[in-house]
Amino acid sequence: MNIMNLCAVSTVAFALSVVAAVVAGFAVGFVVYYFVAKKKLGNSKSNAVKIIEEAYAEAKTAKKEAILEAKEEIHKLRIEFDQEQKERRNELQKQEERLSQREDFIEKKELGLDKKQEQIDEVKENLNARNLEIDKLKEEEQNVLASMRNELEKVARMTKEEAKQTLISSMVDDARKDAAKTVKEIEENAKNEGNKKAQDILATVIQKCATDYTSEITVTTVPLPTDEMKGRIIGREGRNIRALEAATGVDLIVDDTPEAITVSCFDPVRREVARTALEKLILDGRIHPTRIEELVEKAQKDIDAKIKEAGENAVSEVGIYNLHPELVKVLGRLKYRTSYGQNCLKHSLETAYIAGFLASELGADEKIAKRGGLLHDIGKALDHEIEGTHVQIGVELAKKYKESPAVVHCIEAHHFNVEFQSVEAVIVQIADAISSSRPGARRETIESYVKRLEKLEEISNSFKGVEKSFAVQAGREVRIIVKPEEVSDDMAVFMAKDIARKIEDEMEYPGQIKVNVIRESRFVETAK
């Protein structure tokens, strides 16, 4: 029992000692941990302070760098701003100079207008003075008539009415002479100035426009390698030639002309298709209705492609864009259309060039003038298919494809069908006349040429006092010799005007006709 108690006590004591040792170990470990942790905390604090100081230093450095970069950016922006301001000031200065130049130009224009107005006022004053002189002469005439009436009735045995008519005729003749002299002087001055200005402009324009002489022919002839080919083209019982005529819509003339066939048709495009197909048939050698239809269809496609290419080249050459594709195609058809032997597409291009140069010289709208000049004869491409004049057809085409009213007016006014409403329309008409009437531009039949000359002489001879008249320079001038005892120098001025006006009313002609009235007196004596 005691032994067990002792064992128990020992066990308890051992357990207590173990617990005490564990507690002591924990205490010692805690103390060691406390001091180690305290040391680590001190090191951490010192590291944290060091890190904070380094971060502060870095932040301070970054701040300085940012401030420097900001200063550099501000300096750069300031330099750019100064440069931009300098450029703006230069631009404003240039605009001010241009405005100043424009103001000077306007002032010069105003001065010129003022001078012209002064000249007009001076002419009006001269006319008023003439009118006053005429009124004064009329008053003197009345006084003379009153004083001479009785004398004339007594001495000359003239009635009152006879004397009145004699004096009035005398005074009217004098007044007409004075008026004719004044009109002649004014017109000569105006013509001299106008002719000089017009010559300068036309000389400048024509120098810029180089043109070719007309070389087109109106009859299409297809050469054959041999006369035997004619029989093959005609075919058995004429089936080949009938098939070709039916496919192309032309007439083939096979006559005694050696090694040639003539293609006849009013439509120039059909005639060109027939010529191309016939040449292909001759080269191919297989001539029968089926082959004819194939080659005609192929020739039609080739001609359509050429027409489109011709239209596009013309538009590009003149420098006109955004033209409707259908108008370009119709314009290309003019390549195969001639008028008085002049190729219509070349004439349209030439008119566009001249109209553009004239518009540039006169300060008008160059684009509208060139566009109107290029399209002014576009109706001729379809006048074989559509009823109406080429002017009416051209106007309808231009309206259909949304051309501007200004261009439409240029088309409808170029043959004086309507009154001119714009400078560009007048320019197109002038350019058309220049292109049509220049030497070598057109050929005229002998019959129409002779009729035109006869009509000129007939109009000139219809005036009283005309002795002889001669149409010269291919109808560009008519020279009229008057009887000097019936027509005075002053009256010749009015006669030239009246003849020119009658020619304008009764005749149609390209370009201009100069009316030259000649009055001369000859005194002949014979020495014996």
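Residues numbered from 1 in each chain as written. Predicted model: local features only at pLDDT ≥ 70, side-chain atom pairs only at ≥ 80, totals over all residues. Heavy atoms only, no water.

Undergrad: Which residues make up the overall build of the protein chain, and what values do they have?
TA: The number of helices and strands found in the protein chain is 14 helices and eight strands. Put simply, 62% of the contacts in the protein chain that link residues at least 6 apart link residues at least 24 apart. (Helix = DSSP H or I, 4+ residues; strand = E, 2+ residues; numbered from the N terminus. Contact = heavy atoms within 4.5 Å.)

Undergrad: Any details on the packing of helix α5 (residues 268-284) against helix α6 (residues 289-318)? Residues and values, ideally.
TA: Put simply, α5 and α6 touch, their axes get as near as 8 Å, and they point 130 degrees apart. One element, α5, and the other, α6, form an angle in the oblique class. In this structure, α5 crosses over α6, and the sense of that crossing is right-handed. From α5, V269, E272, V273, T276, A277, K280, L281 and D284 reach across to α6, where they touch R291, I292, L295, V296, A299, Q300, D302, I303 and I307. (Axes fitted to C-alpha atoms, helices over the stretch in contact; angles between N-to-C directions. Parallel < 35°, antiparallel > 145°, perpendicular 65-115°, else oblique. Left-handed = near helix turned anticlockwise from the far one by under 90°.)

Undergrad: Talk me through a nonpolar patch on the surface; I want residue IDs and the actual numbers.
TA: Taken together, the side chains of F14, V18, V22 and F26 define a hydrophobic patch exposed on the protein surface, amounting to about 420 Å² of accessible area. In this structure, V18 sits in helix α1 (residues 2-156). The exposure class assigned to V18 is partly exposed, which follows from its relative accessible area of 35%. (Patch = residues over 30% accessible without salt bridge, like charges linked within 9 Å, V, L, I, M, F, W, Y side chains within 5 Å. Areas by Shrake-Rupley, 256 points an atom, 1.4 Å probe, with all protein chains shown as cover. Salt bridge = Lys/Arg side-chain N within 4 Å of Asp/Glu carboxyl O. Buried < 20%, exposed > 50% of the residue type's maximum accessible area, 1.4 Å probe, protein only.)

Undergrad: Go over the side chain of D377 with me, naming the residues and quoting the values.
TA: Along the chain, D377 falls in the loop between α9 (366-375) and α10 (390-400). A polar contact of 3.2 Å, which involves the side chain of D377, links it to the side chain of H376. The residues contacting D377, other than those within four sequence positions of it, are L334, H347, S348, H390 and H414. (Polar contact = N/O pair within 3.5 Å; in protein donor to acceptor, adjacent residues only side chain to side chain.)

Undergrad: So what about the nonpolar core? Which residues, and what values?
TA: Across soluble globular proteins, nonpolar side chains have a tendency to be buried as a group. Among the nonpolar cores identified, the biggest contains 29 residues, and V315, L331, L374, I378 and L397 are the most heavily contacted of them. Put simply, the parts of the chain that give this core at least two residues each are α6, α7 (325-333), α8 (344-362), α9, α10 and α11 (405-413). By residue number, the principal contributor to this core is α10, which donates five residues. Here L331 is in contact with G311, A314, V315, L345, L374 and I378, once residues within four sequence places are set aside. Judged by nonpolar contacts, the second largest core, of 27 residues, contains L224, I233, I241 and A277. (Core = buried A, V, L, I, M, F, W, Y, C linked by side-chain atoms within 4.5 Å.)

Undergrad: Outline the pattern of salt bridges, supporting the account with residue identities and numerical values.
TA: On inspection of all chains with the given rule, the structure shows 16 salt bridges. With a shortest N-O distance of 2.8 Å, R275 and E279 are connected by a salt bridge. Here E279 and R275 lie together in helix α5, a separation of four residues that amounts to about one turn. In this structure E279 comes out as partly exposed when scored by relative accessible area, which is 31%. Its salt-bridge partner being R291, residue E294 comes within 3.1 Å of it at the nearest N-O pair. Residue E294 and its partner R291 are both found in helix α6; the two are separated by three residues, about one turn of the helix. Salt bridges linked by common partners bring D284, R286, R291 and E294 together as one network.

Undergrad: Talk me through the sheet that holds strand β6 (residues 466-472); I want residue IDs and the actual numbers.
TA: One open sheet accounts for three strands, arranged β6-β7-β8; its pairing is mixed. Each edge of the open sheet carries a strand with a single partner, namely β6 and β8 (514-518). Sheet twist, expressed as the average angle between the axes of neighbouring strands with direction ignored, equals 15 degrees. Summarising the sheet, β6 and strand β7 (residues 477-482) pair through six bridges and their orientation is antiparallel. By the bridge assignment, K468 is partnered in β7 with I481. Along the sheet, helix α14 (residues 489-506) makes contact with β6, β7 and β8, crossing β8 at roughly 150 degrees. (Pairing = 2+ DSSP bridges.)

Undergrad: Account for the pairing of strand β1 (residues 220-223), naming residues and giving values.
TA: Burial along β1 is one-sided: T220 and V222 are buried, while T221 and P223, pointing the other way, are not. Pairing of β1 with strand β3 (residues 260-264), which is carried by four bridges, proceeds in the antiparallel orientation. Directly across from T220, in β3, lies its bridge partner V263.

Undergrad: An account of the sheet that holds β1 is requested, with residue identities and associated values reported.
TA: Strand order in the open sheet formed by three strands is β1-β3-β2, and the pairing between neighbours is antiparallel. Both outer strands of the open sheet, β1 and β2 (251-253), are each paired with one neighbouring strand and no more. Looking at each pair of strands side by side, their axes are set apart by 30 degrees on average, direction ignored. Together, β1 and β3 form the strand contacts of α5, whose direction differs from that of β1 by roughly 5 degrees.

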